[in-house]
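Residues per chain are reported as follows:
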Number of protein chains: 2
Amino acid sequence: MTTENPSTPSRASIERLLRPRSIAIVGASDKPGALGASVLANLERSAFTGTIHLINPKRDEIGGRRCLASIDDLPDDVDTAVLAIPRAAVLNSVKALARRRVGSTVIFSAGFAEGGEEGLAEQREISRIAADAEMMVQGPNCLGMVNHINRIPLTFIETEVTPLGDRPGIGIVSQSGAMAAVLGVTFASRELGLSYSVSTGNEAGSGVEDYVEFLLEDSSTRVIAMIVEQFRKPARFLATARKAREMGKAIVLLHPGKSSAARESAATHTGAMAGDYRVMRVSVERAGVIFAETLEELGDIAEILLRCPNLSVTGPAVLCESGAFKALALDLCDELGLHLPHLEDNNAPSLRAALPAFVGVSNPLDITAQGLVEPDLYRRTFAALFEDDRIGSVIACIIQTDPVTSGIKLPPILNAVEDYKPTKPVIFAGLDEGARFPVKYVAALREKGIAYFPSAERAFRALKRIDDFARRDFRQVDATGLAGIGHHLVTGVIPEYRSKEILAPLGIHFPKGRFVTNLQEAISAAEELTYPVVLKAQSAELNHKSDAGGVILGVADVVALEEGWKRLNSNIADHCPGLVLDGVLIESMGKRGVELIVGARNDPEWGPIVLAGFGGVTAEIHQDFRLLPPGLPLDAIVQELHLLKGAPLLRGFRGSSPLDVTAAAKIIATVGDLLVQEPMIAEIDLNPVVVYPEGEGAVALDALIVGGQNR
Amino acid sequence: MTTENPSTPSRASIERLLRPRSIAIVGASDKPGALGASVLANLERSAFTGTIHLINPKRDEIGGRRCLASIDDLPDDVDTAVLAIPRAAVLNSVKALARRRVGSTVIFSAGFAEGGEEGLAEQREISRIAADAEMMVQGPNCLGMVNHINRIPLTFIETEVTPLGDRPGIGIVSQSGAMAAVLGVTFASRELGLSYSVSTGNEAGSGVEDYVEFLLEDSSTRVIAMIVEQFRKPARFLATARKAREMGKAIVLLHPGKSSAARESAATHTGAMAGDYRVMRVSVERAGVIFAETLEELGDIAEILLRCPNLSVTGPAVLCESGAFKALALDLCDELGLHLPHLEDNNAPSLRAALPAFVGVSNPLDITAQGLVEPDLYRRTFAALFEDDRIGSVIACIIQTDPVTSGIKLPPILNAVEDYKPTKPVIFAGLDEGARFPVKYVAALREKGIAYFPSAERAFRALKRIDDFARRDFRQVDATGLAGIGHHLVTGVIPEYRSKEILAPLGIHFPKGRFVTNLQEAISAAEELTYPVVLKAQSAELNHKSDAGGVILGVADVVALEEGWKRLNSNIADHCPGLVLDGVLIESMGKRGVELIVGARNDPEWGPIVLAGFGGVTAEIHQDFRLLPPGLPLDAIVQELHLLKGAPLLRGFRGSSPLDVTAAAKIIATVGDLLVQEPMIAEIDLNPVVVYPEGEGAVALDALIVGGQNR
């Protein structure tokens, strides 16, 4: 209902908002606490060098600056106007700004789309006016933006702008203004540089997608941290995210909505109607975005990404000084699924040489408290880990104790970093959170590109997300040769026999079958197929044919066929009075095997998505399925199937043969390709797909296509 | 191999170690960095008021204190001697201490049980000598202890002892010395008072169990924080933990070993052989211990428990200032399974009255940024949450921003706490981790019993663990009336027909059956039972009778019976040449239903434990079972079964009837009671137990008892 795709502003108009040379404050004030006063104070504190126009009909001047009586008095070519005024005055002001051809406007006021029908209508009107005037709108219901590169805050939150300088920075893009501010404070406290921070609010005229696109072109921005409750331009975001990945810029996203309760909350609070979280997530991950699960993780991941941009597909080495913590680290890695490259005395000569005899090489590596006796052990150990290419990153879990103890450990560690200049991510994590660890060491570590974590376990969690990203398989197979079946399609349900006719030529195997319309044809068909056979009633109106008695299994001979034909027709007559069947599908009985379900749908927001999982009641209870984007190479699909909880069944459980997972993967690939090429297909359902032992293929016993007009 | 139960020291000897009035330092030194020097320096810095005896044959005095040449020169009644000497000298020193009747000794040196066979033998010798002399041993391979109440550090780690004073404190008990030190630093940084910190190392003469028992009697200790890799006296710890719970003292435990890799690590590093982690965990949780998963969590949980001792069974109210965070909090609570009491406009009049009209009552509650405009909103909201008895605790997720903003929010919050003096746990969590939040506010919050968390999500995780503990059902049903079957038992496998004879009188239902030894008896039995029947070969040697062809199902009539009898006997002859069957069990065919497995075993360390889960291949793959301690009331067992992932099957899935879960629970209860009363039983296996619709009971189709001598 309130889901609206805002128009897409041009890059030039985004520039006018994010790097304005002239700013109008509508509702200028000098009353402390007033929005207009705060905006002006921020600009003055940051020594904004452009032009500031103040508008307040009741004042001649504010703080020595002349006031204009109305928007209509503005000169030409004002880049942006901040509306620091009550909600009731917003619409008229937007009209006035459009008349004066102001480039963009920031609307703080709330109470629009999120506030009910009336607010929604007004917001739509704002969108329309702005689009017509090619005026960019940020908000309403937002906190504005801060440009840290040119030191321009356009927000009423008291803001200290720390100039980014030459450092790479993080761009913050959040729908929630509060969250944008929260991230700004957290990143600053970790001494992570910021490039821009933008809150988009209700997105009446510009959305998070637009700002991310802008940040891709900004050379100062290395990492983009996002908090989004709903993407209003999914396809655009996917394209932008793919581009970011190609450019080597990382996007970290925190997106509430996993729980149904969170979705309800989103619907009532920002006028956002969350889509299906899982479909969104699979699609966005596929495009190359890293998901954070919590605010803590968002900060932790962003810190590692910004300080250590060279990611590796091999896992971390964990260095620690305690056997108990080594065991805890193993538990944690096991729980997280974080793979630690195997190190032992026999496969790591440099490391072996670095360690005293009584310390065995392993990963995690426990160097014990020996480093206190012999501090050079730290330097040697770090050096050996830095030069080992099997090690993708290093988490050093160090007991800080106090400044004296840290003073023994840190110099050799810093020396090793200085000497070897590792390009792999290195994380220094304190085991004793809260220890008095000298700030000079934190600064020295950061200065050398090492992330400092006050506690260890959060470092592991964050690294796991990054490790997953680095290992993610982004190969994409383009669908070809399947187009052209669209003309078969109607809107609505296509019955089994027709669906199978459409799908069989694409290489999906079904049991041998004949579509018949009378008993005589059925008898010939059964003889041709050889008994036993199955009878299945066919009609577009018959969605659940089994429940209606429309499926007769195990028909052994002609007598049973005649009886079954009669029974099927009388069942249908009972359950669906008046229904005229298209006919009956006679099929050979399929051999038994392990049953999968394969489905696909064309999500109105995120496009085609394929579902594959185990069939049957237990699998349904265990929710054992995977969502797959189309275009995965066959081996990647096979890998995905092996991530199913029930995957041991595929590999041959308790003496049964390994199954033909590749055959199942081919069906999944075909279904995905078809949806990509035929947007007229809304849904496909193959249930069950029976998978046979390796080399014997996979057969779909049932098939259903739903046609439907798509975007 | 290295798992040894140390002897149990008396309380008096623990007192001599933990509150010594006279201390001998064997290996006294004034060389900076030497262990003996560090121990002495710690004692002097803490102004130890008792007697210190220094022993060093090469010195007359150290720092103005006279040196004794040998242990033999010590006076009578020395409470404790610290061995600050190399490993090689330890054994002889222990002998000398025993001769001098020293009360206790602390052994820092490593290289004993964890260092191989020779070290293990020496450690055993130390244990024996100490036990004979009634001398308490701490270590070897430990970091000693710190008594914060009487300001006595007995450790070589440079230690600042902060006197506890009148505050309640945390007692630290850790096998790992490094981890004890880590916890000490972390707790101190959170301004949590400490009572004692003890590291037990290899536990040659005293274990974690002994120190926990001591801490129960210590009035200053409110919370006990433990890091344990292996309990060497499981039964003793369980009894102590139960007592702690009765006394209202909380025990929080971090115990590595969840992953198999962690267990291996433990075996190689402290000479500890970890038991089965899951059995340990269920038993220890049942006794009332709270498990932490990480060091971070251990600190977080301990902080809440120490500051907020009044736990409640109702869930928390979450207060926040952002809709986006509200949605994130919902996700997190959903993921954690943290139940939030439902609050809405119509059921919370006080809260409704406290809020502005545009803020709806809900939980999480988003009060928006309105508090900045109207700070009294904080006071009113907190007050309403404090006085609402449905709210068990409050997590306030506050955006701190900067000192100015915090200065607006904190006074009304602190006022509310001052006025209402809430007894429920209250947590103040910063959303913007790292914000410059004035320390005076942190101090003020803590002073009023409010836990301060720099970030929010960790607070949720910690509260979830505490919430689980508060809700845990500790009712215990004592087994009665089942004793006296022990005389039936033999060591080793008891075949099905005998197992069923033993179990049937206890009220466990089996299919009707007759044990027969020849075909003629089989024919009469089958007629009596009515066909169809099942034939099952019976022998204590035949563990997998199905695999050997020893089970013939669906025998329909006398002809089939004769044929089946022949087939069964020839199968057995083929598969198990030479095996003489006891006979054959003829049973009625059981009706089909949902299959559970019920097993129980008498764990040599933790005692009886029952396993209940779903049967079948899929369930096995999904590892869908629960471990249950014996003695749970029937309704608690039913509740546990409803926690199975496949529980929807029990409740009636897709139109099937709800099942007789109570009947299954009765079987589980009986099996548990039996193991408690008959320690001669090592294992019981009922697989499958078929559960029928409500009111129709549950029947075990197969049964196996394994008898065995137990501790």
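Quick note: structure is the one above.
Residues numbered from 1 in each chain as written. Chains lettered and ligands numbered in written order. Predicted model: local features only at pLDDT ≥ 70, side-chain atom pairs only at ≥ 80, totals over all residues. Heavy atoms only, no water.

### Comments concerning helix H20 (residues 558-575) of chain A
And then number 1: Compared with an ideal rise of 1.5 Å per residue, which puts 18 residues at 26 Å, H20 of chain A spans 25 Å between its outermost C-alpha atoms and is within 8% of the ideal.
And then number 2: The inward-facing, buried residues of H20 of chain A abut strand S21 (513-516), helix H19 (519-529), strand S22 (533-538), strand S23 (551-555) and strand S24 (583-588) of chain A. (Helix = DSSP H or I, 4+ residues; strand = E, 2+ residues; numbered from the N terminus. Expected span 1.5 Å × (residues − 1). Contact = heavy atoms within 4.5 Å.)

### Some points on a nonpolar patch on the surface
Residues and elements named next belong to chain A.
And then number 1: Taken together, the side chains of Leu-372, Val-373, Val-404 and Ile-408 present a nonpolar region at the surface, about 340 Å² in accessible area.
And then number 2: Every element with two or more residues in the nonpolar patch is listed here: helix H13 (370-373) and helix H15 (403-420).
And then number 3: Relative to the helices and strands, Val-404 is located in helix H15.
And then number 4: On the basis of relative accessible area, Val-404 is assigned to the exposed category, the value being 53%. (Patch = residues over 30% accessible without salt bridge, like charges linked within 9 Å, V, L, I, M, F, W, Y side chains within 5 Å. Areas by Shrake-Rupley, 256 points an atom, 1.4 Å probe, with all protein chains shown as cover. Salt bridge = Lys/Arg side-chain N within 4 Å of Asp/Glu carboxyl O. Buried < 20%, exposed > 50% of the residue type's maximum accessible area, 1.4 Å probe, protein only.)

### So, the interface of chain A and chain B
And then number 1: Counting residues at the interface gives 59 residues for chain A and 59 residues for chain B.
And then number 2: Interface of chain A and chain B: buried area, both sides summed, is about 5100 Å²; carbon and sulfur atoms make up 64% of it.
And then number 3: Looking only at chain A, the three residues that lose the most surface to chain B are Asp-331, Ile-621 and His-622 of chain A, adding up to 11% of its buried area.
And then number 4: Here chain A and chain B share four salt bridges between them.
And then number 5: For Arg-458 of chain A, the salt bridge is made with Glu-433 of chain B, and the minimal N-O distance between the two is 2.8 Å.
And then number 6: At the junction of chain A with chain B, the criterion picks out 20 residue pairs in polar contact (both at pLDDT 80 or more).
And then number 7: Every element with two or more residues in the side of chain A that touches chain B is listed here: helix H5 (177-189), helix H8 (260-269), helix H10 (295-307), helix H11 (323-336), helix H17 (456-471), helix H21 (617-622) and helix H23 (647-651) of chain A. (Buried area = accessible area lost by both parts, 1.4 Å probe. Polar contact = N/O pair within 3.5 Å; in protein donor to acceptor, adjacent residues only side chain to side chain.)

### Observations concerning the pairing of strand S26 (residues 607-614) of chain B
Along any regular strand, the residues point their side chains to alternate faces of the sheet.
All names here are of chain B.
And then number 1: Burial analysis of S26 places six of its eight residues in the buried class, the great majority of the element.
And then number 2: Bridging between strand S25 (residues 594-603) and S26 involves eight bridges; their strand directions are antiparallel. For Leu-596, the partnering residue across the bridge sits in S26 and is Phe-614.
And then number 3: Hairpin connection of S25 to S26: three residues between the antiparallel strands.
And then number 4: Across four bridges, S26 lies against strand S27 (residues 625-628) in antiparallel orientation. Following the sheet pairing, Ala-612 is matched in S27 by Arg-626. (Pairing = 2+ DSSP bridges.)

### A few points about the state of the cysteines
Each disulfide consists of one covalent bond between the sulfur atoms belonging to two cysteines.
And then number 1: Evaluation of the coordinates by the stated rule reveals zero disulfides over all chains.
And then number 2: Its sulfur unpaired, Cys-397 of chain A is 6.3 Å from the next cysteine sulfur, which belongs to Cys-320 of chain A. (Disulfide = S-S within 2.5 Å.)

### Some thoughts on the sheet that holds strand S13 (residues 250-254) of chain A
Residues and elements named next belong to chain A.
And then number 1: Read from one edge to the other, the open sheet built from seven strands follows the order S9-S8-S11-S10-S12-S13-S14, with strand pairing classed as mixed. Strands at the two margins of the open sheet, each flanked by one partner only, are strand S9 (152-154) and strand S14 (290-292). Ignoring strand direction, the axes of neighbouring strands in this sheet form an average angle of 15°.
And then number 2: Sheet analysis places strand S10 (residues 169-174) next to strand S12 (residues 221-227), joined by six bridges and oriented parallel. (Axes fitted to C-alpha atoms, helices over the stretch in contact; angles between N-to-C directions.)

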